[in-house]
Each structure stands twice: as C-alpha cells, then as structure tokens.
Amino acid sequence: MSQFLQATVYGLLEGGLLALVAIGFSLVWGVMNIVNLAQGAFVITGAYIAWKLNTELGLDPYLGMFVSAAALFVAGYVIQRVLINQVVNAPIWMTLLLTFGLDLLIVQGLQLLFTADFRAINTSWGTDSFAIGDVRVPYGRLAGFTLAVAVTVSLVWFMTRTRSGLAIRTTGMDRAAARLMGVNVRHTYAVTFGLAASLAGMAGAILGSITTFSPSAAGGYTLQSFVIAVLGGLGNMWGALAGGILLGLVQAWGGQYLSGTLVNAIAFGVLVLVLIVRPAGLVGRPYYEARAEA
C-alpha cells in the first residue's frame, strides 16, 4: 500500500509538471487550430536558458524561469508574425510541416550550441524531500505542481478578466466576428503563440531542476502535450491541468507494475477511452469543435 501511495503522490506531482508543459500547446491548438510540433523544443530551450543562467550567474531556476519565459515570449511572438501567420489559413498539414521543421531547426541548433549531453540544473533543495508517514514528497516536484496550479489560475483569470484574454477567446470562437469588433487578429494570434512559448519556457526551467534534459527530449514533451491537450479539451486551461494529472497518475501507477512499453500503451488506451466517453475532452468546451471559422 505504501508503494501505491508513493506512486500516487509522484503521479500527481508529475502530472502538474506535464500540465504546465501542455497548457500552451492546448491554448494554441484550441484558439488557432494549429498543432505546434515545436512545443517540446520550446520546453528544452527554456531549460537551457535557465541552466545557463544558473551555471554562469548562480541564478535559481525558479528565478531563471522568468527570464526563460520572457525570452520565449518574444521568440514566439516573432515566429508567429513572421512564419506561422503566412500559413495560418492553409490546410492543417501545412502548419504541421512548418512547426515540424521549426522543431528540427531548434533541436539541431541546441545540439550545436550545447552538444547532445544530458544536463541538469543543480539546486541546494530540488532533490530534497519530506515525509508524510511512509510517503516521501520531493520539494522540487511539489514546487513545480504548485506553480502549475498557480499558472493555470492566473491564465484563467487573464483569459476571462482582461481585454487581451477576451480577444483571444473571441478570436478562437469566431475570427470574422472578432475582426468586426475591432480585434487585431494577427496581433492576437502572435500574443497567443508567444504566451504558449513562454509557458513552455517556464516549464522547461522547472523540469531542468528536477530531471536531466537534452535536445533529444523535445519530441517526448511534444507527444505528451498532444495527449494532455486532447484529454483535457482543446483550449481549456483547467482541462490541461486535469489531463496532465490523469496522465501522470496513469504513468505512475502503470510504471509501478508494468514495463515502460506497456505504460505508454495504457496511457494511449486511456486517451481513446476518454475520447469515446467525452469526445470534447474531460472538461472541454464544444465551441472549439464548432467554431464559425477554422
């Protein structure tokens, strides 16, 4: 029983971190109808920025994540305005090809700059833990889970209480109507993509402090983001958090008793089951499937 409880705690905390990775991915897919295959590359870029700040300046990753977020917001905004906006009205396979190429470019660039060696951000407290009975709770993962919840709450507030957030939601539901209401759709799309990239950068900085990373890990984070976004519902921040926690629990429980290959199979089996029962995701909003303009 203690092993099961330990796996459950680990799965909950891991799920929060995965949700932080996937929130931006879900937002871009739900609002812009773009599957961003470069999401994992943004995560790893954020990890390298925080690692460089830590090794050169001694900056804690929980402070370095703000630098990662700012740098990637600017990069994401420019990428959307200069590249992705050129094919935003094209068939979805065009954006898939573009973001896949962008992923390759970023990953190869990181390998040239930092090599393919695994790195980690060393902190004085990230690997420590405290006990609740027989269960150990790592400080680093608990902080990451807390951050994921805080970011989700902040993003929900931003999307529902600010002019920019409402513009993003309006554009996601009906782009033509948003234009008629005076929304600058190009700018709104760029802000959305920049916001998603900045969240990925924050997630990368935190992940770098609790696990090793290298450019080759980008694809795994993109795949997990895809699964979480579909599980939770496209464009839904609470859905991304719920999907991340569910995936984390499934992987932790499966990893306790099964091999790694079967764990991945069970994770995708849960995805199929959720889609059968809830096609819009766990807490998805149906209007993202029935938007007036794709």
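Residues numbered from 1 in each chain as written. Predicted model: local features only at pLDDT ≥ 70, side-chain atom pairs only at ≥ 80, totals over all residues. Heavy atoms only, no water.

### Notes on the overall build of the chain
Across its full length, the chain holds 11 helices and two strands. Helices (α) and strands (β) of the chain occur, in sequence order from the N terminus, as α-α-α-α-β-β-α-α-α-α-α-α-α. Compactness check: the chain gives a C-alpha radius of gyration of 19 Å against a globular reference of 19 Å for 294 residues, within 12% of the reference. Taken along the three principal axes of its C-alpha coordinates, the chain extends 60 × 50 × 35 Å. In the chain, which comprises 294 residues, the share counted as buried stands at 50%. For the chain, contacts bridging at least 24 residues in sequence account for 79% of all contacts bridging at least 6. Within the chain, one finds 14 positive and 10 negative side-chain charges whose respective centroids are separated by 13 Å. (Helix = DSSP H or I, 4+ residues; strand = E, 2+ residues; numbered from the N terminus. Rg over C-alpha atoms; globule rule 2.2 N^0.38 Å. Buried < 20%, exposed > 50% of the residue type's maximum accessible area, 1.4 Å probe, protein only. Contact = heavy atoms within 4.5 Å. Lys, Arg positive; Asp, Glu negative; His and termini not counted. Charge placed at Lys NZ, Arg CZ, Asp CG, Glu CD.)

### Points about the pattern of salt bridges
By the definition in use, this model includes two salt bridges. The partner of Lys-52 in a salt bridge is Glu-56, and the shortest N-O contact between them spans 3.5 Å. Of this pair, Lys-52 and Glu-56 both sit in helix α2 (residues 39–57), separated by four residues, roughly a single helical turn. For Glu-56, a relative accessible area of 53% puts it in the exposed group. (Salt bridge = Lys/Arg side-chain N within 4 Å of Asp/Glu carboxyl O.)

### Examining the pairing of strand β2 (residues 135–138)
Of the two faces of β2, only the one carrying Val-135 and Val-137 is buried; Arg-136 and Pro-138 on the other face are not. Here four bridges tie strand β1 (residues 129–132) to β2, and the two strands are oriented antiparallel to one another. Residue Phe-130 lies in a different strand from β2, and its bridge partner there is Val-137. Where β1 folds back onto β2 in an antiparallel hairpin, the turn is made up of two residues, including Gly-133, whose phi is positive at roughly 70°. (Pairing = 2+ DSSP bridges.)

### Here we look at the packing of helix α5 (residues 139–161) against helix α10 (residues 237–257)
Orientation of α5 relative to α10, taken along the N-to-C sense of each, is 160°, at an axis distance of 9 Å. The orientation of α5 with respect to α10, classified from their angle, is roughly antiparallel. The element α5 and its partner α10 pack so that their crossing is right-handed. Along its contact with α5, which presents Phe-145, Val-149, Thr-152, Val-153, Leu-155, Val-156 and Met-159, the element α10 presents Met-237, Trp-238, Leu-241 and Ile-245. Classifying every residue of the contact of α5 with α10 by side-chain character gives 10 nonpolar, one polar and no charged. (Axes fitted to C-alpha atoms, helices over the stretch in contact; angles between N-to-C directions. Parallel < 35°, antiparallel > 145°, perpendicular 65-115°, else oblique. Left-handed = near helix turned anticlockwise from the far one by under 90°. Nonpolar A, V, L, I, M, F, W, Y, C, P; charged D, E, K, R; others polar.)

### Quick look at the packing of aromatic side chains
Within the structure shown, the criterion is met by 10 aromatic pairs. For the pair Tyr-48 and Phe-114, a centre-to-centre distance of 4.4 Å together with 10° between the ring planes defines the contact as stacked. Highlighted residues: Tyr-48 in helix α2 and Phe-114 in helix α4 (residues 92–114), separated in sequence by 66 residues. With respect to burial, Tyr-48 and Phe-114 carry one shared label: buried. Each residue in the set Tyr-48, Trp-51, Phe-114 and Phe-213 is aromatic and connected to the rest through ring pairs, giving one cluster. (Phe/Tyr/Trp six-rings, centres within 6.5 Å; stacked < 30°, edge-to-face > 60°.)

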